[in-house]
Amino acid sequence: MLKFILKRLALGLAVAFTVSLATFLLLNLAADPAAMVAGEDATQDAIEQIRVQFGFDRPLYVRFFEWLGNLMTGDFGDSYYWKQPVFDLLIDRAPVTLTLAAGALTVTVVVGLTLGVLAALKPNGWLDRFALSFGTAAQAIPNFWLGLILIILLGVMFPILPVSGDTSWKHFVLPCLVLGTSSVPQVLRLTRTGMIEVLGSDYIRTARAKGFRPRQILFRHALRNALLPVVSVITIQIGYKLGGSVITETVFALNGLGRLAYESILGADVPTVQMLVFFFALIFIVLSILGDILNAWLDPRMRVE
Amino acid sequence: MSALLEVQDLSVTLKIAEGEMTAVRDVSFTVNRGETLGIVGESGSGKSVSSMAIMGLLPKGTRTEATTLRLGDTDLLTATEEQMADLRGNKIAMIFQEPMTSLNPVYTIGRQMTELMQLHKGVSGGAARKRAVELLEKVGITAAESRLSQYPHQLSGGLRQRVMIAMMLMNDPELIIADEPTTALDVTIQAQILNLLKDLQTELNIGLIIISHDMGVVARVSDKIAVMYAGQVIETGAVADVLRAPVHPYTQGLLESIPVPGQIEPGGELGSIPGLVPSLKTNFKGCRFANRCTRAHEACQQGSVALQSASDSQAYRCVLPLAELRDGTSSLAARKTGDGSYGVGIDMASKPLLSANAAECTFRVKQGMFSGAKPLRAVDNISLDLRKGEVVAVVGESGCGKSTLARMLLGLQDPTAGQISLDGKDIATLSNMEKSRKLQSIFQDPYSSLNPRRTIGEIIRRPLKLHGVGSLAEQQAKVEAIMERVGLPRNFYHNYPNQLSGGQRQRVAIARALILNPEIVVCDEPTSALDVSVQAQILNLLLKLRAEMGLTYLLITHDMAVVEHIATRVVVMYLGRVVEVADTRTLFSDPRHPYTRALLKSVLTPEPGAGVPNVDLGTAYPNPINPPTGCTFHPRCELASDICKAKSPVLEALSETHQSACHMLEKELA
């Protein structure tokens, strides 16, 4: 198991390096960074001056390894737009986004898993039909639209929840519901299909022949097997959550990383955008590793010997 | 003493989409402690449903009726779900067909065994583990203690079935129901598992029900037998009586459709039951077998037929007088003569049609993301010639490389060394069109080898269309001719595969293979997915077509009885190598390689009371990625000596038609 974890970590490191390279190249080759920093109306002279001042005239690989080196030592560079260290920006904004992601994930897992399992217990029963309709609706409704409707409903018509800002837990209820709902369909369907398949499997028949009661079969013998594919999907969904936070944070005026990314892109703030992309990627990588480890813990067949 | 299990007039009605279906009707039997009842029948005969009814494991909405359904003192009919759950895995245990999937993949063997004791006896921890180790040892598993922490995927199929048996013994059951316990296993393992079950049963004085489609299995292990057909027991009695002197025409037909050496000339026509096993959705009137019965007359179509006794120990469900039924000689005689289609001349000096020349196929298998690929030699240096008119059988257990060899010979898999030639030309240089004109194939599973979206006519016509043979009218005429030849009614032309039975679909596959008039047909397990009576029909058809069309067959199979019946030459494979080649008669009468002998010994002919031969090959089939050194068979061979571990034997000629690869050949002869 330890060997398995170490291997996954090594692989994760390799992916992280590739992502950092890709991010760096994308942002530095897609447009002239000096021109972006200088702004639209800048003269050619001003651009050249900025190029030298910011070091954009040096070869790409030198700048990449400098950036990477600084990254290792915790120096994330300074934001051109916010005029402060990117690190401070991250520290400042991350808690909001992480809270949002965690809340949304809780909604996804609780609603998706519960509905999925209940639906699978009696395929084509009324609960199953309800769950599937709910899933289809949740998939079809765009995120931002659901956000706006909830704001009108619970913020304006029946003002029980605040709709903008991030100062109390109440502020997070609506955004988490909105962001969480968008991932429910995938989790719900996968849990349902997985559970139906597992409940029809030979080893569940064995469990019944052993004299286990339906409840014991569900929780002891079926759930763990049915969860295996769901775990992988959930880790990917968290990635989407982080990506989706850009829109959700804007709609609900939450001051998190998503909003920071949005503003930094508008402000052509290369160091911040670069760092945010890399940070999101890193979280994604860590989550995949955690997902793999969780899966290996759940399923002995996954443990490479 | 009253019986342990008493089933009287059991009927089971299942809920289906169209309403209801009576899957089992008026089934009666008893099982005593220490006694074995064999239930035999084809698919859809209701044998599994009956056992699930005893276990109380039928789906909700099922109606189970009986005059008596009793285990010991418990009335299973009136027992609540809670009481039934208390019995399952405790008083009644069940062993299933699929050892590979019947154990939960995410829990250790130890946990799955001990939880059963915890559930019913409240015994856990050390005591339960001790019992588990004891039982694992009892079922012949070595290093039992360490197995407890292993997971199912770390064990072979045979070991898993042993674990399953050990697990079901945890609570000292009174009755064990084994539903096709060895069907998914290799023949040599089958013998071991059956012996194990029998030994345990005697030792622990358990009642045993063995359900199987295989007459051989049932004949060898049962004390009494119930033959089921279309949801009814149509004949029952002491195993020797029923199998030696079957009364019911179905039992007689079933026994005649099994190729049994000594009772039927190789290549002769097997007795087969015409028609199909009826769907249980049929609204039966009169005898359920009447429409397939050669002796049926008007009386058979009316009323219901009751079970009547033929003797103290034998009963049958037929309206005909016993004396007339006993007089079954006419059909047996017809079967023995056969038409000698074996007599298709084979000129062993002629140029081979298809040959493998030192062919090898090595796959590279990656076991983990970071470990390098390891070579797996699926086929190792095999040379083989196929001459016109031959039926060459390639036999061996799963994983021996026989299917890879077939794929190479079909030109579907390139050899990594050596050469395959078709009519003297390297097959790698031939186009698919050229290959398919001479070489065709039939596969095991007629359910998945036909395109479900094309009609039967289109499926069979397709090769003609691809090859641009003749006009549409000519093509259709050819299709109709071949359909008639393989015994498919003309009106199937516009039907789809899902409207056909397994045997009919296999006929379609045969028709498709033959429409281009090929020289060679590769048959990969052509009958193993079919019911026994249907298997006989297909084997008869293959033999008839061979004689009529001058075909040459390469037969890939694990069924030695089929081999003995239709093959002219046999190639025995073990772990990618040929260990013995001989003409069929020689191979079966004078096998030389210890592995061939073990294979032949494991064949279970339906001989009542003969017991199961003791085939002890020691360890399990080796992992092809890490084959043993020298002779790859040496770890399982009782004759093995030092040279076998060091040096790999080569094929040596014993006679003109007989070769074997074994260091111990001479020693054995001496």
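Residues numbered from 1 in each chain as written. Chains lettered and ligands numbered in written order. Predicted model: local features only at pLDDT ≥ 70, side-chain atom pairs only at ≥ 80, totals over all residues. Heavy atoms only, no water.

A.B. asks: Just give me the short version of the overall build of chain A, but keep the residues and values in it.
C.D. replies: Within chain A one finds 13 helices and zero strands. Along the chain direction, N to C, the helices and strands of chain A fall in the order α-α-α-α-α-α-α-α-α-α-α-α-α. Counting across all 305 residues of chain A, residues that qualify as buried make up 45%. In chain A, of all internal contacts separated by at least 6 residues, the share reaching a separation of at least 24 is 72%. (Helix = DSSP H or I, 4+ residues; strand = E, 2+ residues; numbered from the N terminus. Buried < 20%, exposed > 50% of the residue type's maximum accessible area, 1.4 Å probe, protein only. Contact = heavy atoms within 4.5 Å.)

A.B. asks: Hey, could you go over the overall build of chain B for me, with residue numbers and the actual values?
C.D. replies: Along its length, chain B carries 23 helices and 25 strands. The buried share of chain B, reckoned over its 670 residues, is 57%. Within chain B, contacts between residues at least 6 apart in sequence are counted, and of these 69% link residues at least 24 apart. Surface exposure of chain B reaches about 27,400 Å², of which carbon and sulfur atoms provide 49%. Looking at charge distribution, chain B has the averaged site of its 67 positive side-chain charges lying 5 Å from that of its 70 negative ones. (Areas by Shrake-Rupley, 256 points an atom, 1.4 Å probe, with all protein chains shown as cover. Lys, Arg positive; Asp, Glu negative; His and termini not counted. Charge placed at Lys NZ, Arg CZ, Asp CG, Glu CD.)

A.B. asks: Please set out the sheet that holds strand β24 (residues 652-655) of chain B residue by residue, giving values where relevant.
C.D. replies: Residue and element names in this part refer to chain B. Overall, mixed pairing links the eight strands, which are arranged β19-β20-β21-β16-β22-β23-β25-β24 in an open sheet. Edge positions in the sheet fall to β19 (439-442) and β24, since each has one partner strand and no second. Here the average twist between neighbouring strands, direction ignored, is 20 degrees. As judged from the six bridges shared by strand β22 (residues 569-574) and strand β23 (residues 577-583), these two strands associate in the antiparallel manner. Across the sheet, residue Val-571 finds its bridge partner in β23, namely Val-581. Where helix α17 (residues 502-514) meets the sheet, it contacts β19 and β20 (520-524), and its direction lies at approximately 175 degrees from that of β19. (Pairing = 2+ DSSP bridges. Axes fitted to C-alpha atoms, helices over the stretch in contact; angles between N-to-C directions.)

A.B. asks: Explain a nonpolar patch on the surface to me, and be specific about the residues and the numbers.
C.D. replies: On the surface, a cluster of nonpolar side chains totalling about 650 Å² of accessible area is made up of Phe-17, Leu-21, Leu-25, Leu-29, Tyr-61, Val-62 and Phe-65 of chain A. Looking at the nonpolar patch, the elements that each hand over two or more residues are α1 (2-29) and α4 (60-72) of chain A. (Patch = residues over 30% accessible without salt bridge, like charges linked within 9 Å, V, L, I, M, F, W, Y side chains within 5 Å. Salt bridge = Lys/Arg side-chain N within 4 Å of Asp/Glu carboxyl O.)

A.B. asks: I'd like a rundown of helix α3 (residues 109-121) of chain B, residues and numbers included.
C.D. replies: Residue and element names in this part refer to chain B. Spanning 13 residues, α3 covers 19 Å between terminal C-alpha atoms, matching the ideal 18 Å at 1.5 Å per step. Buried within α3 are the following residues: Ile-109, Gly-110, Gln-112, Met-113, Thr-114, Glu-115, Leu-116, Met-117 and His-120. Once α3 ends, the next one or two residues include Gly-122, with phi positive near 70 degrees. (Expected span 1.5 Å × (residues − 1).)

A.B. asks: I'd like a description of the domain arrangement of chain B, backed by residues and values.
C.D. replies: Domain boundaries assigned for chain B yield domain 1 (93-170) and domain 2 (245-341). Distance from the C-alpha centre of domain 1 of chain B to the C-alpha centre of domain 2 of chain B: 43 Å. (Domains from an automatic or database assignment.)

A.B. asks: Please give an account of the pairing of strand β1 (residues 5-16) of chain B that cites residues and values.
C.D. replies: Across a regular strand the side chains alternate sides, sitting on one face of the sheet and then on the other. Residues and elements named next belong to chain B. As judged from the four bridges shared by β1 and strand β5 (residues 68-71), these two strands associate in the antiparallel manner. Paired with Val-7 across the two strands is Leu-69, which belongs to β5. Two strands pair when backbone bridges link them, and β1 and strand β2 (residues 19-31) are joined in this way by nine bridges, in the antiparallel orientation. Bridge pairing in β2 places Lys-15 opposite Glu-20. In sequence, β1 turns back onto β2 through a hairpin of two residues. Bridge analysis of β1 against strand β4 (residues 63-65) gives three bridges, and the strand direction is antiparallel. Paired with Thr-13 across the strands is Arg-63, a residue of β4.

A.B. asks: Could you give an account of the interface of chain A and chain B, with specific residues and numbers?
C.D. replies: Counting from both sides, the interface comprises 26 residues of chain A and, opposite them, 35 residues of chain B. Sorting the residues of chain A by area buried against chain B places Ala-209, Lys-210 and Arg-213 of chain A first, and these three jointly supply 24% of that buried surface. Applying the counting criterion to the chain A and chain B interface returns three salt bridges. With a shortest N-O distance of 3.1 Å, Glu-82 of chain B and Arg-213 of chain A are connected by a salt bridge. Where chain A meets chain B, there are 15 residue pairs in polar contact (both at pLDDT 80 or more). (Buried area = accessible area lost by both parts, 1.4 Å probe. Polar contact = N/O pair within 3.5 Å; in protein donor to acceptor, adjacent residues only side chain to side chain.)

A.B. asks: Report on the pattern of salt bridges, specifying residues and quantitative values.
C.D. replies: Tallied over the full model, the rule gives 30 salt bridges over all chains. Salt-bridge contacts for Asp-380 of chain B lead to Arg-577 of chain B; the nearest nitrogen and oxygen are separated by 3.0 Å. Linking Asp-380 of chain B in strand β15 (residues 374-386) with Arg-577 of chain B in strand β23, this pair joins segments that are 197 residues apart in sequence. Judged by its relative accessible area of 25%, Arg-577 of chain B falls in the partly exposed class. Three or more residues are tied together by salt bridges with common partners; here these are Arg-93, Arg-259 and Glu-263 of chain A.

A.B. asks: Can you break down the environment of Gly-158 of chain B residue by residue, with the values?
C.D. replies: Relative to the helices and strands, Gly-158 of chain B resides in helix α6 (residues 157-168). Contacts of Gly-158 of chain B, omitting those with residues within four sequence positions, involve Leu-185, Ile-189 and Ile-193 of chain B.

A.B. asks: Kindly report on helix α18 (residues 532-549) of chain B, identifying the contributing residues and their values.
C.D. replies: Across its 18 residues, α18 of chain B extends 26 Å between first and last C-alpha, which sits within 8% of the 26 Å expected from 1.5 Å per residue. Positive phi shows up at Gly-550 of chain B, right after α18 of chain B, with a value of about 65 degrees.

A.B. asks: Talk me through the domain arrangement of chain A; I want residue IDs and the actual numbers.
C.D. replies: Per the domain assignment, the segments of chain A are domain 1 (31-75) and domain 2 (93-302). On a C-alpha basis, the centroid separation for the pair domain 1 of chain A and domain 2 of chain A is 39 Å.

A.B. asks: Please set out the pairing of β23 of chain B residue by residue, giving values where relevant.
C.D. replies: All names here are of chain B. The buried fraction of β23 amounts to six of the seven residues, a majority that puts the element mostly inside the structure. Remark: two residues form the turn of the hairpin made by β22 and β23, two consecutive strands paired antiparallel; Leu-575 in that turn has positive phi of roughly 50 degrees. Relative to strand β25 (residues 658-660), β23 runs antiparallel, the two being bridged by two bridges. Counted as the bridge partner of Glu-580 is Ser-660 from β25.

A.B. asks: I'd like to hear about a positive patch on the surface, residue by residue, with values.
C.D. replies: On the surface, Lys-122 and Arg-208 of chain A together with Lys-15 and Lys-60 of chain B cluster together to form a positively charged patch. Inspection of the secondary structure puts Lys-60 of chain B in the loop between α1 (47-55) and β4. Here Lys-60 of chain B falls in the exposed class, since its relative accessible area comes to 84%.

A.B. asks: Before we move on, could you go through the sheet that holds strand β8 (residues 175-179) of chain B and cite the residues and values that matter?
C.D. replies: Where strands meet in a sheet, backbone hydrogen bonds hold them as pairs that are either parallel or antiparallel. Residue and element names in this part refer to chain B. The eight strands are arranged β7-β8-β9-β3-β10-β11-β13-β12 in an open sheet whose pairing can be described as mixed. Pairing within the sheet leaves two strands with one partner each, and these edge strands are β7 (92-95) and β12 (308-311). The sheet shows a mean angle of 20 degrees between the axes of neighbouring strands, taken without regard to direction. Strand direction decides the pairing type here: β12 and strand β13 (residues 314-316), joined by three bridges, are antiparallel. The residue bridging Ser-309 from the neighbouring strand is Ala-315, located in β13.

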